[in-house]
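Here's the letter readout for the chains.
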Amino acid sequence: MREYSMVDHYPVSARDFATAGDASASIKRKLKQLGVDSAILRRIAVASYEVELNLMIHSVGGTLTMMMSPDEILLVSSDAGPGIPDIEKALQEGFSTADEEARNLGFGAGMGLPNMRRNADEFSIQSALGRGTEIRMRFRLQ
Amino acid sequence: MTTAELSTLINATVVTPGNAADGTVTCGYACDLLSWVLAHGRPGMAWTTVQTHMNVVAVAVLMEMSCVILSENNRLEEDALAKARQEGLCVLVTDKTAYEVCGILMRAGIMPPSP
(Lines give C-alpha, C1' and ligand atoms only; values in the text may rest on other atoms or scores of the structure.)
Protein backbone atom coordinates (compact mmCIF):
# COMPACT_ATOMS: atom_id res chain seq x y z
CA MET A 1 0.00 0.00 0.00
CA ARG A 2 1.43 3.33 -1.05
CA GLU A 3 1.93 5.98 1.60
CA TYR A 4 0.45 9.36 0.77
CA SER A 5 1.90 12.29 2.68
CA MET A 6 -1.04 14.50 1.80
CA VAL A 7 -4.73 13.72 1.33
CA ASP A 8 -7.13 16.57 0.53
CA HIS A 9 -10.87 16.30 -0.06
CA TYR A 10 -12.82 18.80 -2.13
CA PRO A 11 -16.62 18.47 -2.10
CA VAL A 12 -18.27 19.35 -5.43
CA SER A 13 -21.95 20.31 -5.53
CA ALA A 14 -24.29 19.39 -8.36
CA ARG A 15 -25.21 22.19 -10.76
CA ASP A 16 -23.22 24.88 -8.97
CA PHE A 17 -21.88 26.61 -12.08
CA ALA A 18 -20.77 29.70 -10.15
CA THR A 19 -18.12 27.89 -8.12
CA ALA A 20 -17.16 25.39 -10.81
CA GLY A 21 -13.39 25.17 -11.07
CA ASP A 22 -12.68 26.23 -7.49
CA ALA A 23 -11.50 22.78 -6.40
CA SER A 24 -9.15 22.51 -9.41
CA ALA A 25 -7.80 25.99 -8.75
CA SER A 26 -7.07 25.05 -5.12
CA ILE A 27 -5.36 21.83 -6.18
CA LYS A 28 -3.24 23.63 -8.73
CA ARG A 29 -2.26 26.39 -6.30
CA LYS A 30 -1.23 23.89 -3.69
CA LEU A 31 0.82 21.73 -6.05
CA LYS A 32 2.51 24.80 -7.51
CA GLN A 33 3.56 25.87 -4.02
CA LEU A 34 4.96 22.39 -3.49
CA GLY A 35 7.11 22.83 -6.58
CA VAL A 36 5.47 20.30 -8.92
CA ASP A 37 6.92 20.55 -12.45
CA SER A 38 4.89 22.96 -14.60
CA ALA A 39 4.29 20.50 -17.47
CA ILE A 40 2.92 17.89 -15.04
CA LEU A 41 0.96 20.59 -13.25
CA ARG A 42 -0.71 21.59 -16.49
CA ARG A 43 -1.84 18.01 -17.14
CA ILE A 44 -3.18 17.71 -13.61
CA ALA A 45 -4.98 21.05 -13.97
CA VAL A 46 -6.76 19.95 -17.17
CA ALA A 47 -7.74 16.57 -15.75
CA SER A 48 -8.92 17.93 -12.39
CA TYR A 49 -10.98 20.68 -14.02
CA GLU A 50 -12.63 18.23 -16.39
CA VAL A 51 -13.47 15.77 -13.64
CA GLU A 52 -14.71 18.53 -11.34
CA LEU A 53 -17.00 19.82 -14.09
CA ASN A 54 -18.25 16.29 -14.76
CA LEU A 55 -19.16 15.93 -11.09
CA MET A 56 -20.95 19.27 -11.21
CA ILE A 57 -22.81 18.72 -14.49
CA HIS A 58 -23.62 15.02 -14.40
CA SER A 59 -23.64 13.74 -10.81
CA VAL A 60 -25.79 14.36 -7.79
CA GLY A 61 -22.65 15.76 -6.22
CA GLY A 62 -19.47 14.12 -5.05
CA THR A 63 -15.93 14.53 -3.87
CA LEU A 64 -12.63 15.14 -5.57
CA THR A 65 -9.70 13.77 -3.57
CA MET A 66 -6.08 14.61 -4.21
CA MET A 67 -3.38 12.41 -2.72
CA MET A 68 0.33 13.02 -2.97
CA SER A 69 3.30 10.76 -2.38
CA PRO A 70 6.95 11.52 -3.22
CA ASP A 71 6.60 9.90 -6.64
CA GLU A 72 3.00 10.43 -7.71
CA ILE A 73 -0.23 12.34 -7.45
CA LEU A 74 -3.50 10.46 -7.41
CA LEU A 75 -6.79 12.21 -8.18
CA VAL A 76 -9.96 10.33 -7.28
CA SER A 77 -13.43 11.52 -8.16
CA SER A 78 -16.34 9.73 -6.55
CA ASP A 79 -20.03 10.44 -6.59
CA ALA A 80 -23.27 8.85 -5.43
CA GLY A 81 -24.97 8.63 -8.80
CA PRO A 82 -26.62 8.41 -11.17
CA GLY A 83 -23.87 6.34 -12.82
CA ILE A 84 -22.90 6.01 -16.49
CA PRO A 85 -25.00 3.58 -18.58
CA ASP A 86 -22.38 3.01 -21.30
CA ILE A 87 -18.79 3.83 -20.35
CA GLU A 88 -17.34 2.98 -23.78
CA LYS A 89 -19.67 5.48 -25.39
CA ALA A 90 -18.95 8.11 -22.73
CA LEU A 91 -15.24 7.78 -23.47
CA GLN A 92 -15.73 8.59 -27.17
CA GLU A 93 -14.68 12.09 -28.21
CA GLY A 94 -17.70 14.19 -29.05
CA PHE A 95 -20.24 12.11 -27.15
CA SER A 96 -22.01 14.09 -24.44
CA THR A 97 -25.18 13.89 -22.41
CA ALA A 98 -24.84 17.44 -21.04
CA ASP A 99 -28.09 19.38 -20.98
CA GLU A 100 -29.00 22.65 -22.65
CA GLU A 101 -27.92 24.83 -19.72
CA ALA A 102 -24.45 23.27 -19.60
CA ARG A 103 -24.05 23.44 -23.38
CA ASN A 104 -24.99 27.10 -23.46
CA LEU A 105 -22.11 27.76 -21.09
CA GLY A 106 -19.66 26.04 -23.41
CA PHE A 107 -19.63 22.64 -21.72
CA GLY A 108 -20.80 19.38 -23.24
CA ALA A 109 -18.24 19.17 -26.03
CA GLY A 110 -17.80 15.48 -25.29
CA MET A 111 -14.13 16.04 -24.51
CA GLY A 112 -14.16 15.67 -20.72
CA LEU A 113 -13.31 12.01 -20.27
CA PRO A 114 -10.99 11.95 -23.34
CA ASN A 115 -9.13 14.99 -21.95
CA MET A 116 -8.73 13.22 -18.61
CA ARG A 117 -7.51 9.99 -20.18
CA ARG A 118 -5.06 11.86 -22.42
CA ASN A 119 -3.52 13.84 -19.58
CA ALA A 120 -3.23 11.20 -16.86
CA ASP A 121 -0.44 8.59 -16.80
CA GLU A 122 -3.02 6.05 -15.64
CA PHE A 123 -6.78 6.39 -15.93
CA SER A 124 -9.53 4.12 -14.72
CA ILE A 125 -13.27 4.49 -14.46
CA GLN A 126 -15.88 2.36 -12.73
CA SER A 127 -19.55 3.06 -12.69
CA ALA A 128 -22.73 1.38 -11.52
CA LEU A 129 -26.16 2.69 -12.38
CA GLY A 130 -27.93 4.05 -9.34
CA ARG A 131 -24.79 3.73 -7.22
CA GLY A 132 -22.26 6.13 -8.70
CA THR A 133 -18.99 6.58 -10.54
CA GLU A 134 -15.38 6.51 -9.47
CA ILE A 135 -12.57 7.86 -11.63
CA ARG A 136 -8.92 7.41 -10.65
CA MET A 137 -6.11 9.28 -12.33
CA ARG A 138 -2.44 8.82 -11.56
CA PHE A 139 0.29 11.31 -12.43
CA ARG A 140 3.92 10.28 -12.05
CA LEU A 141 6.17 12.94 -10.61
CA GLN A 142 9.46 11.34 -11.70
CA MET B 1 3.95 41.06 -28.11
CA THR B 2 2.54 42.31 -24.82
CA THR B 3 -1.13 42.32 -23.87
CA ALA B 4 -1.01 46.14 -23.97
CA GLU B 5 0.25 46.06 -27.58
CA LEU B 6 -2.32 43.43 -28.49
CA SER B 7 -5.06 45.60 -27.02
CA THR B 8 -4.04 48.54 -29.22
CA LEU B 9 -3.85 46.30 -32.27
CA ILE B 10 -7.46 45.12 -32.00
CA ASN B 11 -8.74 48.45 -30.71
CA ALA B 12 -9.89 46.86 -27.45
CA THR B 13 -11.04 48.26 -24.16
CA VAL B 14 -9.04 46.94 -21.23
CA VAL B 15 -11.74 45.76 -18.84
CA THR B 16 -9.16 44.69 -16.30
CA PRO B 17 -5.43 44.81 -16.98
CA GLY B 18 -4.41 41.78 -14.93
CA ASN B 19 -1.35 41.47 -12.76
CA ALA B 20 1.18 41.71 -15.54
CA ALA B 21 0.49 44.93 -17.45
CA ASP B 22 3.13 43.84 -19.94
CA GLY B 23 2.14 40.14 -19.98
CA THR B 24 3.70 38.41 -22.96
CA VAL B 25 1.40 36.84 -25.53
CA THR B 26 2.83 33.51 -26.69
CA CYS B 27 0.07 32.21 -28.99
CA GLY B 28 -3.59 32.69 -29.89
CA TYR B 29 -6.76 30.62 -29.92
CA ALA B 30 -10.47 31.17 -30.57
CA CYS B 31 -13.18 28.79 -29.31
CA ASP B 32 -16.29 28.80 -27.13
CA LEU B 33 -16.21 25.17 -26.03
CA LEU B 34 -14.32 25.05 -22.75
CA SER B 35 -13.02 21.50 -23.07
CA TRP B 36 -11.48 22.36 -26.43
CA VAL B 37 -9.84 25.39 -24.89
CA LEU B 38 -8.52 23.27 -22.03
CA ALA B 39 -7.10 20.77 -24.49
CA HIS B 40 -5.25 23.49 -26.39
CA GLY B 41 -4.59 26.06 -23.65
CA ARG B 42 -0.98 27.20 -23.10
CA PRO B 43 0.72 29.64 -20.77
CA GLY B 44 0.67 33.10 -22.33
CA MET B 45 -2.16 32.30 -24.75
CA ALA B 46 -4.54 35.06 -25.89
CA TRP B 47 -7.99 33.41 -26.01
CA THR B 48 -10.88 34.89 -27.98
CA THR B 49 -14.42 33.90 -26.99
CA VAL B 50 -18.02 35.09 -26.71
CA GLN B 51 -18.56 33.24 -23.44
CA THR B 52 -18.90 35.67 -20.53
CA HIS B 53 -19.36 33.61 -17.37
CA MET B 54 -17.26 32.58 -14.41
CA ASN B 55 -15.76 29.51 -16.03
CA VAL B 56 -14.03 31.59 -18.68
CA VAL B 57 -11.96 33.05 -15.87
CA ALA B 58 -11.41 29.63 -14.28
CA VAL B 59 -10.11 28.13 -17.53
CA ALA B 60 -7.90 31.11 -18.41
CA VAL B 61 -6.34 31.19 -14.94
CA LEU B 62 -5.87 27.43 -14.85
CA MET B 63 -4.05 27.58 -18.19
CA GLU B 64 -2.04 30.67 -17.14
CA MET B 65 -3.15 32.60 -20.21
CA SER B 66 -1.96 36.14 -20.89
CA CYS B 67 -5.46 37.45 -21.61
CA VAL B 68 -9.05 36.75 -22.58
CA ILE B 69 -10.46 38.69 -25.54
CA LEU B 70 -14.23 39.06 -25.63
CA SER B 71 -15.25 39.60 -29.23
CA GLU B 72 -18.25 41.53 -30.61
CA ASN B 73 -18.53 43.72 -27.52
CA ASN B 74 -19.48 40.93 -25.18
CA ARG B 75 -19.11 41.81 -21.51
CA LEU B 76 -18.11 39.60 -18.61
CA GLU B 77 -20.85 38.91 -16.11
CA GLU B 78 -20.36 40.85 -12.90
CA ASP B 79 -19.23 37.96 -10.71
CA ALA B 80 -16.86 36.80 -13.44
CA LEU B 81 -15.35 40.27 -13.70
CA ALA B 82 -14.82 40.37 -9.94
CA LYS B 83 -13.13 36.98 -10.15
CA ALA B 84 -10.90 38.12 -13.03
CA ARG B 85 -9.79 41.13 -10.97
CA GLN B 86 -9.16 38.96 -7.95
CA GLU B 87 -7.12 36.47 -9.99
CA GLY B 88 -5.19 39.17 -11.84
CA LEU B 89 -6.40 38.04 -15.26
CA CYS B 90 -6.23 40.52 -18.16
CA VAL B 91 -9.60 40.87 -19.95
CA LEU B 92 -10.08 42.83 -23.18
CA VAL B 93 -13.28 43.69 -25.04
CA THR B 94 -13.33 44.47 -28.73
CA ASP B 95 -16.07 45.21 -31.24
CA LYS B 96 -14.38 42.93 -33.74
CA THR B 97 -15.51 39.38 -34.47
CA ALA B 98 -13.37 36.42 -33.37
CA TYR B 99 -12.55 35.93 -37.06
CA GLU B 100 -11.16 39.45 -37.38
CA VAL B 101 -9.22 39.19 -34.12
CA CYS B 102 -7.56 35.98 -35.33
CA GLY B 103 -6.70 37.58 -38.68
CA ILE B 104 -5.10 40.59 -37.04
CA LEU B 105 -3.13 38.50 -34.54
CA MET B 106 -1.89 36.08 -37.19
CA ARG B 107 -0.70 38.98 -39.35
CA ALA B 108 1.14 40.35 -36.33
CA GLY B 109 2.92 37.02 -35.86
CA ILE B 110 0.82 35.50 -33.06
CA MET B 111 0.41 31.86 -34.09
CA PRO B 112 -1.86 29.03 -32.90
CA PRO B 113 -0.48 26.86 -30.07
CA SER B 114 2.01 24.20 -31.10
CA PRO B 115 0.46 20.70 -31.00
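All figures in this text were calculated on a predicted structure; none of them were measured in a lab.

## Comments concerning the overall build of chain B
In terms of helices and strands, chain B carries 5 helices and 5 strands. Going from N to C terminus, chain B has its helices and strands arranged as α-β-β-α-β-α-β-α-β-α. Taken over the C-alpha trace, chain B has a radius of gyration of 12 Å; the compact-globule value for 115 residues is 13 Å, and the two agree within 12%. Structurally, chain B occupies a C-alpha span of about 35 × 30 × 25 Å along its principal axes. Relative to its 115 residues, chain B shows a buried fraction of 47%. Look at the contacts in chain B between residues 6 or more apart in sequence, and 53% of them connect residues 24 or more apart.

## Side note on helix α5 (residues 112-119) of chain A
Those residues of α5 of chain A lying buried are Gly 112, Leu 113, Asn 115, Met 116 and Asn 119 of chain A. Relative to the axis of α5 of chain A, the buried residues are bounded by an arc of 160° and lie together on one face.

## Comments concerning unusual backbone geometry
Of the consecutive residues Gly 81 of chain A and Pro 82 of chain A, the connecting peptide bond is found in the cis state with omega at 10°. Structurally, the position occupied by Pro 82 of chain A is in the loop between β3 (72-79) and α3 (87-90). Phi is positive for Asn 73 of chain B, close to 60°, though the residue is something other than glycine. Checked against the element boundaries, Asn 73 of chain B lands in the loop between β4 (67-70) and α4 (78-87). Residue class for Asn 73 of chain B comes out exposed when judged on the 11 C-beta atoms lying within 10 Å of it.

## Quick look at the sheet that holds strand β2 (residues 62-69) of chain A
Strand-to-strand pairing in sheets goes through backbone hydrogen bonds, with the strands running parallel or antiparallel. Residue and element names in this part refer to chain A. Spatially, 5 strands are ordered β1-β2-β3-β5-β4 in an open sheet, and the strand pairing comes out antiparallel. Each of the sheet's edge strands pairs with one partner strand only, and the pair in question is β1 (6-12) and β4 (122-128). Strand-to-strand twist across the sheet, computed as the mean angle between neighbouring axes with direction ignored, equals 10°. Summarising the sheet, β3 and strand β5 (residues 132-140) pair through 7 bridges and their orientation is antiparallel. Residue pairing across strands places Glu 72 opposite Arg 140, the latter belonging to β5.

## Here's the deal with the confidence of the model for chain B
Confidence along chain B averages 95 in pLDDT terms, with 98% of residues attaining 70 or more. Interface confidence for the predicted complex, expressed as ipTM, amounts to 0.88; the pTM equals 0.92.

Definitions and limits used
- Residues numbered from 1 in each chain as written.
- Chains lettered and ligands numbered in written order.
- Predicted model: local features only at pLDDT ≥ 70, side-chain atom pairs only at ≥ 80, totals over all residues.
- Helix = DSSP H or I, 4+ residues; strand = E, 2+ residues; numbered from the N terminus.
- Rg over C-alpha atoms; globule rule 2.2 N^0.38 Å.
- Buried ≥ 20, exposed ≤ 12 C-beta atoms within 10 Å, placed from the backbone.
- Contact = placed C-beta atoms within 7 Å.
- Arc of directions from axis to C-beta.
- Pairing = 2+ DSSP bridges.
- Axes fitted to C-alpha atoms, helices over the stretch in contact; angles between N-to-C directions.
- pLDDT = per-residue confidence, 0-100.

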